[in-house]
Structure formats: structure tokens, C-alpha cells
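Breakdown of the fold
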Amino acid sequence: MKKIVIFASGSGSNAEKIILHFKNNTHGTVVGILTNNPNAKVIERANKFDIPCEVFNKEELSNGIVLKKIIGLKADLIVLAGFLLKFPSSIIEDYPNKIVNIHPALLPNYGGKGMYGMNVHQAVLDNKEKETGITIHYVNENYDEGAIVFQKSVSIEDCLTAEEIAEKIHFLEYNYFPEVIENLISKL
């Protein structure tokens with residue numbers, strides 16, 4: 001059984017969908033959640049499912065302490081699910097093609113520093129796009145530039161607000177992210 005470690009900075013809705021998907025799964029299990037935000041709702045979600053959760057700071061991410069935590073959890077796959085800090089190259093080097101992120105747009109469009117959550121949805125709306133979607137990609141040293149694993153698009157021609165776009169994106173994330181993760185771990 002493969003071990004999944006989730007990094008999240010916010011509410012953890014994607015983390016919860018992943019936890020539920022792997023709750024009685026023979027391919028993988030979520031063994032820990034790591035967050036840089038001591039007030040993140042993902043902590044409550046982790047506690048609800050008895051998943052160990054640890055809070056760390058930016059310095060611990062870059063100085064090797066977080067890497068030691070990942071090694072201690074014996075992670076086979078690291079999943080960034082709404083994690084907002086840039087991942088350090090030291091961890092990326094130790095886990096090549098074993099760190100994936102989900103982005104709420106069709107990369108390479110609307111990616112990069114500062115492009116997350118409602119910032120992305122508002123930019124998509126402002127540019128009058130007819131469709132948007134999700135991208136699941138490997139993590140490298142640059143924001144949102146790793147090799148693409150999966151994309152799924154959705155029409156947003158009927159959307160008048162960024163919140164309506166966000167709703168459609170959440171639907172895609174919740175339905176596809178756990179399945180893509182399972183597909184990835186089945187190949188490890």
C-alpha cells in the first residue's frame with residue numbers, strides 16, 4: 001500500500017476528498033497532512049479522520065525539517081492540495097516525479113506566483129474566457145511549470161462571477177484529483 005502525504009494551506013476540501021477516496025482503498029492511504037497555516041481548516045478535517053497533521057513554518061520548509069517529516073512518514077507520493085508556498089528544491093530533488101499539485105486553470109495559462117484560488121478565477125472571468133479547467137502537474141522548481149499529468153476543461157460561458165467559476169472548478173477537482181492520484185500511485 002502506497003503512502004500519500006498531503007500539503008495544504010487552507011480549508012482542505014480537496015484533502016478531505018482525497019482522504020475519503022483512499023479510506024478503504026487497497027492502493028494507497030493518506031498517512032499525514034502538513035500545513036504552514038496554524039489556522040487552516042484542513043487541521044480540523046485531518047482530526048476528523050484521525051490523520052496525523054503537523055504545522056510548520058517557512059523556515060522549517062527550507063531548512064530540512066519538513067523533509068525529515070516526509071521521510072519519517074515514508075511518503076511514496078506528495079500531494080499539494082491548495083498549498084501556497086513554493087516547494088524547495090531539496091525536497092523536489094529527493095522526490096523526483098513524486099510531488100503533484102492541482103491548479104485551478106488550464107496551464108500554462110493563469111499560472112505562476114500569486115495565481116491561486118479566486119485570483120485565477122477572477123483573471124479568467126476578466127479575460128472573458130469561454131472555458132477553463134483544472135491541471136494536475138508534477139512540481140518542479142518553478143510555480144506551475146512542471147510536466148502536466150492531467151487536464152480537464154469545462155465551459156464557463158454561463159458564468160457571470162468568479163464564484164460561479166470556482167464552483168465549477170471545485171466540482172472538477174473533487175471528481176478527478178483523487179482518481180488521478182490513484183492512477184499515479186498504481187504505477188509507483
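Residues numbered from 1 in each chain as written. Predicted model: local features only at pLDDT ≥ 70, side-chain atom pairs only at ≥ 80, totals over all residues. Heavy atoms only, no water.

1. Digging into the overall build of the protein chain
This is how it is decided: We count a stretch as a helix when DSSP gives it H or I for four or more residues in a row; a strand needs E for two or more, and each element gets its number in order from the N terminus. Throughout, the radius of gyration refers to the C-alpha atoms, and the reference size of a globule is 2.2 Å times the residue count to the power 0.38. The contact criterion used is simple: two residues touch if any of their non-hydrogen atoms lie within 4.5 Å. Residue exposure ignores everything except the shown protein chains as possible cover, and the areas themselves are Shrake-Rupley values with a 1.4 Å probe. Positive: Lys, Arg. Negative: Asp, Glu. His and the chain ends are not part of the count. The atom standing in for a charge is NZ when the residue is Lys, CZ when it is Arg, CG when it is Asp and CD when it is Glu.
Along the backbone of the protein chain there are seven helices and seven strands. Counting helices and strands in the order they occur from the N terminus, the protein chain gives β-α-β-α-β-α-α-β-α-β-α-β-β-α. Relative to the globule expectation of 16 Å for 188 residues, the C-alpha radius of gyration of the protein chain, 16 Å, shows essentially globular dimensions. When the backbone C-alpha atoms are referred to their principal axes, the protein chain occupies close to 45 × 35 × 35 Å. For the protein chain, the proportion of contacts with a sequence separation of at least 24, taken over those separated by at least 6, is 68%. In the form shown here, the protein chain has an accessible surface area of approximately 9,500 Å², with 48% of it arising from carbon and sulfur atoms. Averaging the positions of the 19 positive and the 23 negative side-chain charges in the protein chain gives two centres separated by 5 Å.

2. Considering the nonpolar core
Basically, it comes down to this: The nonpolar core is taken to be a set of buried Ala, Val, Leu, Ile, Met, Phe, Trp, Tyr and Cys residues, with the residues joined through side-chain atoms within 4.5 Å. Burial here depends on accessible area, computed with a 1.4 Å probe over protein chains only, as a share of the maximum for the residue type. Under 20% is buried, over 50% is exposed, and the range in between is partly exposed.
By size, the foremost hydrophobic cluster in this structure holds 39 residues, and its most contacted members are Ile 6, Ile 18, Val 79 and Phe 177. Counting residues per element, this core draws most heavily on helix α7 (residues 162–185), at eight residues.

3. Overview of the pattern of salt bridges
Applied cut-off: By convention in these notes, a salt bridge is any Lys or Arg side-chain nitrogen within 4 Å of a carboxyl oxygen on Asp or Glu.
Scanning the model with the defined rule gives four salt bridges in all. In this structure, Arg 45 engages Glu 16 in a salt bridge whose closest nitrogen and oxygen atoms are separated by 2.5 Å. Of this pair, Arg 45 sits in helix α2 (residues 42–48) while Glu 16 sits in helix α1 (residues 13–21); the two residues are 29 residues apart in sequence, bridging distant segments of the chain. Each member of the pair, Arg 45 as well as Glu 16, carries the same accessibility label: buried.

4. Side note on the sheet that holds strand β1 (residues 2–7)
Filter applied, for reference: Should DSSP find at least two bridges between two strands, the strands are taken to pair. Between N-to-C directions, angles span 0 to 180 degrees; the directions come from axes that are lines fitted to C-alpha atoms, helices contributing only their stretch in contact.
The strand order across the open sheet built from seven strands is β3-β2-β1-β4-β5-β6-β7, with neighbouring strands paired in mixed fashion. Looking at strand neighbours, the two that pair on one side only are β3 (53–55) and β7 (148–155), the edges of this open sheet. Within this sheet the neighbouring strands show an average axis-to-axis angle of 20 degrees, counted without direction. Bridge count between strand β2 (residues 28–35) and β3: three bridges; the pairing is parallel.

5. Remarks on unusual backbone geometry
When glycine is set aside, most residues are seen to have a negative phi, and most peptide bonds are trans. The step from Leu 107 to Pro 108 runs through a cis peptide bond, and the omega angle for that step is 15 degrees. Here Pro 108 is to be found in the loop between β5 (99–103) and α6 (117–126). For Lys 74, which is not glycine, the phi dihedral falls at a positive 55 degrees. Its identity as a non-glycine residue notwithstanding, Tyr 110 has a phi of 60 degrees, on the positive side.

6. Considerations on α6
Just so we agree on the cut-off: By definition, the arc is the one covered by directions from the helix axis to the C-beta atoms.
Taken residue by residue, α6 has Val 120, His 121, Ala 123 and Val 124 as its buried positions. Down the axis of α6, the buried set is contained in an arc of 160 degrees. They therefore lie on one face. On its buried side, α6 packs onto β5, β6 (131–138) and α7. The positive-phi residue at the C-terminal boundary of α6 is Lys 128, with phi of around 55 degrees.

7. Observations concerning the pairing of strand β4 (residues 77–80)
A regular strand places its side chains on the two faces of the sheet in alternate fashion. Here β4 shows two buried faces, one formed by Leu 77 and Val 79 and the other by Ile 78 and Leu 80. Looking at chain direction, β4 and β5 are connected through three bridges and run parallel. From the neighbouring strand, Ile 78 faces β5, where its bridge partner is Ile 99.

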